[in-house]
Structures are given as structure tokens and as C-alpha cells.
Amino acid sequence: MRFIDPHIHMTSRTTDDYQAMRKAGIVAIIEPAFWLGQPRTEAGAFKDYFSSLVGWEQFRSSQFGIKHYCTMGLNSKEANNVPLAEQVMELLPQYVHKENVVAIGEIGYDDQTEAEDRFFREQIELAKEVELPILVHTPHRDKKKGTYRSMDVLEEHGVDPSMVVIDHNNEETCKEVLDRGYWTAFTIYPNTKMGNLRMVEVVKQYGSERIIVDSSADWGVSDPLSVPKTAHLMLEKGISKEDVHKTCYQNALEVYSKSGNMKESDWEDYSIDQADLHEGNSVLRGQTPKQGSSDNIVAN
Amino acid sequence: MTNTSEYLHQFISIQLSPQANEWFEKKYAEVQSSTTSRAFFLAFGMTPKKTGTEKLQVDKNSLSELLKTYPGFNSNYWTIDQLCRVGLMSAISTEYNHQWITQLFSTADMNEQVALYKGLFFLENAKDFTEQAIEGVRTNMQPVFDAVALNNPFPKNYFSEGAWNQVVLKAIFMNRPIYRIVGLEERNNESLTSTLIDFAHERWVAGRQVVPELWRLAKERLDSDLLTEIIEKFETFDSLEQEAIALMIQETELAEAKDWAAQNNITTNKSWDELGQALENQN
């Protein structure tokens, strides 16, 4: 099977990761602009970071046979440095039309401050203007209210939910986000977000319509193989191949292709031999796993 | 407006569909009359979406015209969006073009960088962009490097010897097809060939292959000692490497090399360009 990881911060990852990802069947990835751990203090640091997402990092990825896309935006955490955030907002129009940019994101709330609210709204308007999908980061703390508020604001601005991915959902937020018509993404991330056994249960309960699995792997303890591992775990647990394909490939392709910058033929050039290797890959072995001890489980 | 930019403009309009051409004409006029960079940045970014990214189709007459303007031009390595982007670059008044284009370089994605580097030579004040083109050679992105180094007359016309030598050395390091470097033989120099011979020895010591095209440039360095080394290793060379040696010897005056080649039937009927193509196809 082929996979798309629609949320992964490769800037923080190594070449070992790229190789393992390709071997596991990942053919395309989306790298949302985010914060780098160390807060930036100059607009130039954002500029160079954005340039690397549309330049160097997408080239680096291509060297491993993985098609690289990104999203452009000011993340919620750094939106709180208002003078800097204003300068970043001036930079963004220079980047939103680059050819591997598939959305405005990840934007939304962290602490849910006034500044975060201001730049979330400004970027929603930017996305509308340039006709790009939106990737929304939902807060770790006060998750449920933050998620609902994000959707309220999007609706206030008249955004079509089919143009929006709400990310980092959990069992508590899932139903409402789906009911309101949004693409509903889950981050499989050890310790803090979702484990993939829980993910399996979500898909069992809600099906595969508009549900998206991603890794959000970054500089923290995270797993760049979360998507293929979850896919295999779903198969082990009896979820249909079609549902796995939708949640781990097709749905992400569908929503982000609305940007006009992402299509399946983009990665047809890459050799598919390697993509098929994952069946024999030890990381993902486990066609007959013991209950609860599969290599494919991302514990949470 | 120079003849070059007018010619480029006309050539582009033949290449585009009526719909794309209408868009291009409008943007071209906007950029031409602008005193701020905004229209240029937006049009440049939008170009592939409006024109498509098909490979350029060029008839013989147009090609010979283009070659006069831009030695080394090869439509196989150009797409329609690249050419349109270059058209937009050439529409900017020279009063502003250095500032705007330099600014765009600093935020350009990979394919934008490729188009920018390919286009510099078409500009009336191309020389003003020499430092930028040298910066392009420092990239680690192969398509960007190729845009400066291959089928582009810019380095030949504007690079100092030191900068030129970096182009050739880096192309060899990156295993790029150096027969596509414009001015390869005209700009060959002693400093470069000396470095190339050092490099060949480095490769041999490490048990690695020497890029066969290297001998095209280093052939003047062939002497008795080098010939002895080559003869020792000759059996371990692959066929294109052997042909490169044969070609080098054909073009040398060194009698003992000619004798050795004659005795051992070391020949080739390829030219250097054909050898370069064969290598490129193999890679």
C-alpha cells in the first residue's frame, strides 16, 4: 500500500527517517509551517524557514523518492509576539503561491489569546483570498472548547468546511467536527495526542469518511512511521483495505488537491518498487501479531 | 526595450494558447509599466498555473534565432512556464530589475530559482547579476545548479576564472554532464586542468572511477607518467572510460601514447559530445 503523511515536520527529522518512510510506502508528505521549539525573534528567521520549506526541504525529500508539499502560515504560539507576527503576515503573500504550497496552516489557537485570535482570523481571510485550503491546529490544553471555537470562527468568516482540515482531534472532539462537515484529522503521537489502538476504534465507530491519519512527527518524541504503522494495525484489527486507503492516503489527497498544487501524478515518476517493499519490512511485519504486542502499535 | 526582450516576447506569444497568451500579454504590460515589484512577483508566481508546464516545442528557424541570442539554448531543457517567467523578467525596466529579481531570489522556490537563473542571460544588464549567478553555483539542489551550469551562456560570458573553475569542478563532483557546459573548451585553463589531475589521483587512490569527461579537459596534461598510470589501470576501466582515454590519445601529440593505443587497438569513433551524451544516458 501507498501512504501520504499529511502532517510531518521533516525539517526536524533525519535521512534515516526519510529512508524508513519511503521503505514503509510513504509517497507524499505535507510539512506544515510551525514553530521550531526555539521562538524566533526576527522576521528574517521566518523568511528563511519558509524558503527552506519551498526550496531545500522539498528537494531533500525528492532525493528519497518522496514528494514534498507544505502549508504556509504563522503558528498560533508565535502569533503572541505581535510586532513580529505583523511582519510575518507581510511575508506570507510572497509564499502562498509557491508550487508545493497546498494550504494555509497550521493556524488556530494555542493559549487562545487575543493575539492568536487576531492572526487566526487574518490568515483565514488570506486563505479565502488565495483560494487555499486551511489546516487548523487545535490546542493541547482546553482542547474541546478550543476546537469548537476554531470552527465557530471559521464559520463566522464564511469558510466552506470542505476546505478545512481540523487536526489533532480525539474521541471527545471527533463527532462534532465530523458533523459540522470538516475534514477530521488525528495525530498518532506517543504520550500526548492519540495512540493508534485508539485510532482503530475511532475508525471502527465513525468509518473513513473525511477522517485523516497523520504523524505530526517533529523534534519531540514522535514517530515518522505513524501512518503506515496505523494502517497496518487497522488491517490487523479487521478494518477494510478501502477504509485504510481512505484514511491514510485518499482523503488527504482529496482535500489538499483543492489547492491545485497536489495531484497523484506528481509522484508517479518515483519508482514504486520501493513502495512495495513495506510488506517485507521488519518494522511493519506483523501479519499475524499477538494481541496487543504488534510492532505497529504506537503506545499512548 | 532591447531587441532581445522584444524577440523573446514575440517568441513566447507563438508558443502559448490564445487564452494563456491573453493572460501573459496583460501581465507583461503590467510588469513593463510598473514602478513597484508587486505585479511582477504575483505574475511570476502564477505563471505555471496559467501557462502549463509542458516542454517547449521549437522549430528550426526559431531555434537558430534563439541560439544567436542565447548560445547553448536547448529546448529539451526548457518548459513553457520557464520561458514565460523569463519573459516577465525581461519586461522589467533595467531601472528596477536588479532590485526586484534579487528580492525574488531570496524567497524563490526551487523551480522559480531554476527559471530565474536560466533567464539572467537574456537581460540587458545581465552582467549586474554575476554575483547572484555565482551564488547559484553554491546550491546543493541539482536542478538549480544545472540551471546555472548547463546550457547556459552566463558563466562563460561573465564568470572570473576562479568562479568558472568552480562551475566545472562542481559539475564533475556532482556527476553532471559537462559537455552541456557552454564554453567548456574555450574557457579551459591551466589552473583547472591541474586541479582535475589532482582530483583524478584522489579518485584512483580511493578506488573510485574517474568521470570519463574529465579527460576532455585534462588531455593537455597527458605525459609519460600519467600514461603509465593509465596503462596500469586501463583494464579496470569501463567501456566509456576506455573510450575517453582513446579520444584523449587521438587528440594528443604524445608519441608513446599514440604507439600504445595503436598497438593495443585503443580507438573510438565517438566525439566528446557523443561520449558525454552516452554517459548522460547511462546515468
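Residues numbered from 1 in each chain as written. Chains lettered and ligands numbered in written order. Predicted model: local features only at pLDDT ≥ 70, side-chain atom pairs only at ≥ 80, totals over all residues.

## A word on the overall build of chain B
Looking only at helices and strands, chain B has 17 helices and 0 strands in total. Dimensions along the principal axes, computed over C-alpha positions, put chain B at roughly 70 × 35 × 30 Å. Long-range contacts, defined as pairs at least 24 residues apart, comprise 71% of the intrachain contacts of chain B with a sequence gap of at least 6. (Helix = DSSP H or I, 4+ residues; strand = E, 2+ residues; numbered from the N terminus. Contact = placed C-beta atoms within 7 Å.)

## Regarding helix α17 (residues 272-282) of chain B
All names here are of chain B. When we look at burial in α17, the residues that qualify are W272, L275, G276 and L279. Across the axial projection of α17, the buried residues extend over an arc of 100 degrees, all falling on one side. Those residues of α17 hidden inside the fold are in contact with α13 (214-218) and α15 (239-250). (Buried ≥ 20, exposed ≤ 12 C-beta atoms within 10 Å, placed from the backbone. Arc of directions from axis to C-beta.)

## What about the sheet that holds strand β6 (residues 164-166) of chain A?
Residues and elements named next belong to chain A. Taken together, the 8 strands give an open sheet; going across it, the order is β1-β2-β3-β4-β5-β6-β7-β8, and neighbouring strands pair in parallel fashion. Of all strands in the sheet, those with a lone pairing partner are β1 (3-5) and β8 (211-214), marking the two edges. Direction aside, neighbouring strands of the sheet carry axes that sit 25 degrees apart on average. Of the pairings in the sheet, the one linking strand β4 (residues 101-108) to strand β5 (residues 134-137) comprises 3 bridges and is parallel in character. Of the residues in β5, the one forming a bridge with I107 is V136. Contacting β1, β2 (26-32) and β8, helix α9 (residues 226-236) crosses the sheet at an angle of about 135 degrees to β1. Against the sheet, helix α10 (residues 241-256) engages β1, β2, β3 (67-72), β4, β6, β7 (183-187) and β8, with an angle of about 110 degrees to β8. (Pairing = 2+ DSSP bridges. Axes fitted to C-alpha atoms, helices over the stretch in contact; angles between N-to-C directions.)

## Observations concerning the pairing of β4 of chain A
Residue and element names in this part refer to chain A. Most of β4 sits out of view: 8 of its 8 residues are buried. Bridge count for β3 against β4 is 3 bridges, and the pairing is parallel. Its bridge partner being in β4, M72 is matched across the sheet by I104. Between the parallel elements β4 and β5, the chain passes through helix α5 (residues 114-130) in a crossover that is right-handed. (Right-handed = clockwise from strand over helix to strand, strands pointing away.)

## Things to note about the environment of F145 of chain B
Residue and element names in this part refer to chain B. Within the secondary structure, F145 sits in helix α9 (residues 142-149). When the C-alpha positions of F145 and R216 are compared, they lie 21 Å apart, and in sequence the two are 71 residues distant. Sequence-distant contacts of F145, defined by excluding residues within four places in its chain, comprise V137, T139, K170 and M174.

## What about the environment of A39 of chain B?
Residue and element names in this part refer to chain B. As for its position among the elements, A39 is in helix α3 (residues 38-51). Judged by the 20 C-beta atoms lying within 10 Å of it, A39 falls in the buried class. Linking A39 and M141, residues 102 residues apart in sequence, is a C-alpha distance of 28 Å. Setting aside residues no more than four positions away along its own chain, A39 makes contact with E30, V31 and S34.

## Digging into the interface of chain A and chain B
Where interface size is given, it is often the accessible area lost as the parts come together that is meant. At the interface, 14 residues of chain A touch 10 residues of chain B. Counting only elements with at least two residues in the side of chain A that touches chain B, the list comes to α2 (43-54) and α3 (56-62) of chain A. Grouping the amino acids of the side of chain A that touches chain B by side-chain chemistry returns 4 nonpolar, 7 polar and 3 charged. (Nonpolar A, V, L, I, M, F, W, Y, C, P; charged D, E, K, R; others polar.)

## Considerations on the packing of helix α5 (residues 80-91) of chain B against helix α7 (residues 110-119) of chain B
Residues and elements named next belong to chain B. It is at 9 Å that the axes of α5 and α7 come closest, and there the two elements cross at 60 degrees. Judged by the angle between their axes, α5 and α7 are oblique. Relative to α7, α5 is oriented so that their crossing is right-handed. Mapping the contact onto sequence places Q82, R85, V86 and M89 in α5 and V114, A115, K118 and G119 in α7. (Parallel < 35°, antiparallel > 145°, perpendicular 65-115°, else oblique. Left-handed = near helix turned anticlockwise from the far one by under 90°.)

## Some details on unusual backbone geometry
Glycine aside, residues mostly have negative phi angles, and peptide bonds mostly take the trans form. All names here are of chain A. Going from G105 to E106, the amide bond is cis rather than trans, its omega being -15 degrees. Secondary-structure assignment places E106 in strand β4. One non-glycine residue, D142, lies in positive phi territory at about 60 degrees. Exposure remark for D142: the 13 C-beta atoms within 10 Å place this residue in the partly exposed category. Look at R210: it is not a glycine, yet its phi comes out positive at around 60 degrees. Note that R210 resides in the loop between α8 (196-206) and β8.

## Section: the pairing of β3 of chain A
For a regular strand, side-chain orientation follows a simple rule: the groups alternate between the two sheet faces. Residues and elements named next belong to chain A. Within β3, 6 of the 6 residues are buried, which leaves the element mostly enclosed by the surrounding structure. Of the two faces of β3, the one holding K67, Y69 and T71 and the one holding H68, C70 and M72 are both buried throughout. With 5 bridges connecting them, β2 and β3 associate as parallel partners. For P32, the partnering residue across the bridge sits in β3 and is T71.

## A look at helix α6 (residues 97-105) of chain B
Residue and element names in this part refer to chain B. The complete set of buried residues in α6 reads N97, W100, I101 and L104. Viewed along the axis of α6, the buried residues span an arc of 90 degrees, placing them on a single side of the element. Residues of α6 that are buried make contact with α3, α5 and α7.

## Structural notes on the packing of helix α4 (residues 82-91) of chain A against α5 of chain A
Residues and elements named next belong to chain A. One can describe the packing of α4 onto α5 by two numbers: an axis separation of 11 Å at closest approach and a directional angle of 5 degrees. Between α4 and α5, the angle falls in the class roughly parallel. For the pair α4 and α5, contact is made by V82, A85 and M89 and by A115, F119 and E122, respectively. In the contact of α4 with α5, the residues fall into 5 nonpolar, no polar and 1 charged.

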